[in-house]
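# Analysis of the macromolecular model
Given next are the chains, with one letter for each unit.
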Amino acid sequence: MTRSAHRFHLEFLTPQGQTLGQLPLTPDWEPALESLKLAARRRGLVVNGHHATEIEPVHSEQVAAPLCAGFRGTLRLPGGATVVEDFTFTYFRREARAGSGELVSSGKLKEGEQYLYRLVAFADTVPAVVRTNGRFAVEVDEAPVDVRETRLSDWLARALPCGPALATDFPVFIPQSVLAESATLAEAAGAKETGGVLIGHLHQDHAARELFVEVTALVPARHTEAELTKLTFTDATWTDSRNAVALRRAGEQFVGWQHSHPGKFFCNPACPPERRKTCPLMRDFFSDEDVTFHRTVFPRASSIALVTTITDEGLQHALFGWRGGVIHQRGFHVVGAQQPVAVEATINPEKDHASPCPTKSP
Amino acid sequence: MINLHPVLNLFATDVSGQRRVNLRGVRSDTTVGELMDELLPRLNLQRTDANGQPMPVAARLDREGRHLHRSELVGEALRDKDELVLHPQIMAGRGR
């Protein structure tokens, strides 16, 4: 159970400091909780269903109450072990974007106008309401995490790093063959998006106190509804993907997902070549829809998302994953690669798109 | 066939197997729809897509290789200790 004795709000301001309004938050603490659980597992601690999480605001000399720089999550495990992690206020950036939309709708902010936001927290004097439906009890049971004990150094010795890596990120190993299959699927789909499920294993190196992800295969998603700018995974897609994993009989689990962006088809052909080169839609990116997908289907903090983008210059791969409860582009290791893979990506490219591409040919 | 158990104990997982809940004492006259409405928030599955539209979620019963209808009664469709897997119909991509 996740508890907080505070109510959190976002406060919106003009760049000059004039208050525009407040947005009460109904925080989704799940990514923070998953981040804490991953931190515990990386330390070799056992996380089962009988844990408790507390959330409290973080203040500092520069950021005094009720303003807060972020929040602190404390995971209390049976046996007395605790894991603590601080999260910055950017944890709520999606809510901030939604709130700015409401300010535009109410006329307090103009479309495209800059704004600032900050996090505030107040002590909650209203006791939490416990929901019961009276028909049955629902107990959240920590899903078992199947982890293999291997040596991280053995993996690092036969893989090439690529992408923006932070020392604090857990390692991810992807075979060159999976990247090649992702590229083949993207090219075959042409001007439509395509995707699949990444399957593999979680590994633990107790001596190195590290947990890492091995991708073993990409299961192409079938029975999807694919268009130029969207890809829908249907219930038949999931049935087919789960059956494919079961048929392999290798004890693999869903560790993430893959999809393509046909970037060169996003842009209008009338766009000048110089402009297409710098178009953010021509780079790998992770859209709001992708974030929602990842949050819904792959909430565990070790889950990853591979994006393959078709650009005018060729194919690009980028990997995204959870960091501090927020999805970021991250590095990975390619197993069996002859040379490093070039990657470049962004989150929510639309805001980088300073002026729209022409929609009609000249 | 109506299940003679007045109440059932069930399991439910999300599609990636990363979330799991135990359902204890589910009355036979509960509909699958009522079960789902209680389950989804407890599995912390998002109910809406990035545009705020409701996200359809199907309950898969692997034992029979089919999806359950919301109007089905638990006592008729399920057995004690059955496991449901929740399959969201969900969109990825640039989306606009």
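Look up: the structure comes first, before these words.
Let us look at the structure shown here. Source: prediction; values computed, not measured.

The next subject is empty space enclosed by the protein. Residues and elements named next belong to chain A. Counting across every chain of the model gives 3 cavities of 30 Å³ or more. Each pocket or cavity is described by its volume, and for the largest cavity that value is around 50 Å³. Considering every element that reaches the lining of the largest cavity, the biggest residue donor is helix α1 (residues 30–42), with 4 residues. Looking at side-chain class alone, the lining of the largest cavity contains 5 nonpolar, 1 polar and 4 charged residues.

In this section: the sheet that holds strand β4 (residues 66–68) of chain B. Spatially, β9(A)-β2(B)-β1(B)-β5(B)-β3(B)-β4(B) is the arrangement adopted by the 6 strands of the open sheet, whose pairing is mixed. Edge positions in the sheet fall to β9 (137–141) of chain A together with β4 of chain B, since each of these pairs with one other strand and no more. On average, each strand axis in the sheet is inclined to that of its neighbour by 35°, with strand direction left out of account. Both β9 of chain A and strand β2 (residues 20–27) of chain B contribute to a ladder of 5 bridges, which runs antiparallel. Counterpart to Val140 of chain A in the pairing with β2 of chain B is Val21 of chain B. The strands that helix α1 (residues 32–42) of chain B touches are β9 of chain A together with β1 (7–14), β2, β3 (57–61), β4 and β5 (83–88) of chain B; relative to β2 of chain B, the one it contacts most, it runs at about 145°.

The volume enclosed by the second largest pocket comes to roughly 470 Å³. Around the second largest pocket sit 21 residues that line it, and Gln253 of chain A together with Val15, Ser16, Gly17 and Gln18 of chain B are the ones nearest its centre. Those elements giving two or more residues to the lining of the second largest pocket turn out to be α5 (235–248) and β17 (253–261) of chain A together with β1 and β5 of chain B. Counting residues per element, the lining of the second largest pocket draws most heavily on α5 of chain A, which supplies 3 residues. Residues that form the lining of the second largest pocket fall into these classes: 7 nonpolar, 6 polar and 8 charged.

Turning our attention to the pairing of strand β22 (residues 332–335) of chain A. All names here are of chain A. Residue alternation in β22 divides its side chains into two sets, Phe332 and Val334 and His333 and Val335, and both sets are buried. In this sheet, β22 lies alongside strand β11 (residues 159–162) in antiparallel orientation, the contact comprising 4 bridges. Within the sheet, the bridge partner assigned to Leu160 lies in β22 and is Val334. Of the strand pairs in this sheet, strand β12 (residues 172–175) and β22 are connected by 3 bridges, and their pairing is parallel.

Contacts between the two partners involve 47 residues from chain A, matched on the other side by 44 residues from chain B. Across the chain A/chain B interface, buried area totals approximately 4,400 Å², and carbon plus sulfur atoms make up 49% of it. Applying the counting rule to chain A against chain B returns 3 salt bridges. On the surface where chain A and chain B come into contact, there are 12 residue pairs in polar contact (both at pLDDT 80 or more). When residues of the side of chain A that touches chain B are traced back to their parent elements, those giving at least two are α1, β9, β16 (231–233), α5, β17 and α8 (288–297) of chain A. When residues of the side of chain A that touches chain B are assigned to their parent elements, the largest contribution, 8 residues, is made by α8 of chain A. By residue class, the composition of the side of chain A that touches chain B is 18 nonpolar, 11 polar and 18 charged. Both β16 of chain A and strand β6 (residues 90–92) of chain B contribute to a ladder of 3 bridges, which runs antiparallel. Each residue of the ladder has a partner; that of Phe233 of chain A, found in β6 of chain B, is Ile90 of chain B.

Now for the nonpolar core. Residues and elements named next belong to chain A. With 47 residues, the main nonpolar core has Val172, Ile174, Leu198, Trp238, Phe286, Phe293 and Phe332 as its most contacted residues. No other element matches the 6 residues that strand β14 (residues 210–220) contributes to this core. Not counting the four nearest positions on each side in its chain, Leu198 is found in contact with Val178, Val215, Ala217, Leu218, Gln253, Phe254, Val255, Gly256, Trp257, Gln258, Ile304 and Leu306. Listed in part, the 28 residues of the second largest apolar core include Leu33, Ala40, Cys68 and Tyr117.

So, on to the side chain of Ser302 of chain A. Residues and elements named next belong to chain A. On the secondary structure map, Ser302 appears in the loop between α8 and β19 (304–311). A relative accessible area of 6% places Ser302 in the buried class. Ignoring any residue separated from it by four or fewer positions in sequence, one finds Ser302 in contact with Leu38, Phe170, Leu202, Val213 and Val255.

Now for the sheet that holds strand β6 (residues 70–76) of chain A. All names here are of chain A. Read across the sheet, 4 strands follow the order β1-β4-β6-β7 without closing on themselves; strand pairing throughout is mixed. Strand pairing shows two members of the sheet lacking a second neighbour, β1 (2–4) and β7 (82–88), which therefore form its edges. Between one strand axis and the next, the sheet turns through 25° on average, direction left out of account. Pairing of β1 with strand β4 (residues 52–58) involves 3 bridges; the strand directions are parallel. Paired with Ser4 across the strands is Ile55, a residue of β4. In the packing of α1 onto the sheet, contacts are made with β1, β4, β6 and β7, and the angle to β7 comes to roughly 135°.

Cut-offs and rules
- Residues numbered from 1 in each chain as written.
- Chains lettered and ligands numbered in written order.
- Predicted model: local features only at pLDDT ≥ 70, side-chain atom pairs only at ≥ 80, totals over all residues.
- Heavy atoms only, no water.
- 1 Å grid on protein atoms, 1.4 Å probe; cavity = no way out; pocket = protein on both sides within 12 Å on 5 of 7 lines; lining within 4 Å.
- Points joined across faces, edges and corners; volume = space filled by probe spheres on them.
- Helix = DSSP H or I, 4+ residues; strand = E, 2+ residues; numbered from the N terminus.
- Nonpolar A, V, L, I, M, F, W, Y, C, P; charged D, E, K, R; others polar.
- Pairing = 2+ DSSP bridges.
- Axes fitted to C-alpha atoms, helices over the stretch in contact; angles between N-to-C directions.
- Contact = heavy atoms within 4.5 Å.
- Buried < 20%, exposed > 50% of the residue type's maximum accessible area, 1.4 Å probe, protein only.
- Buried area = accessible area lost by both parts, 1.4 Å probe.
- Salt bridge = Lys/Arg side-chain N within 4 Å of Asp/Glu carboxyl O.
- Polar contact = N/O pair within 3.5 Å; in protein donor to acceptor, adjacent residues only side chain to side chain.
- Core = buried A, V, L, I, M, F, W, Y, C linked by side-chain atoms within 4.5 Å.

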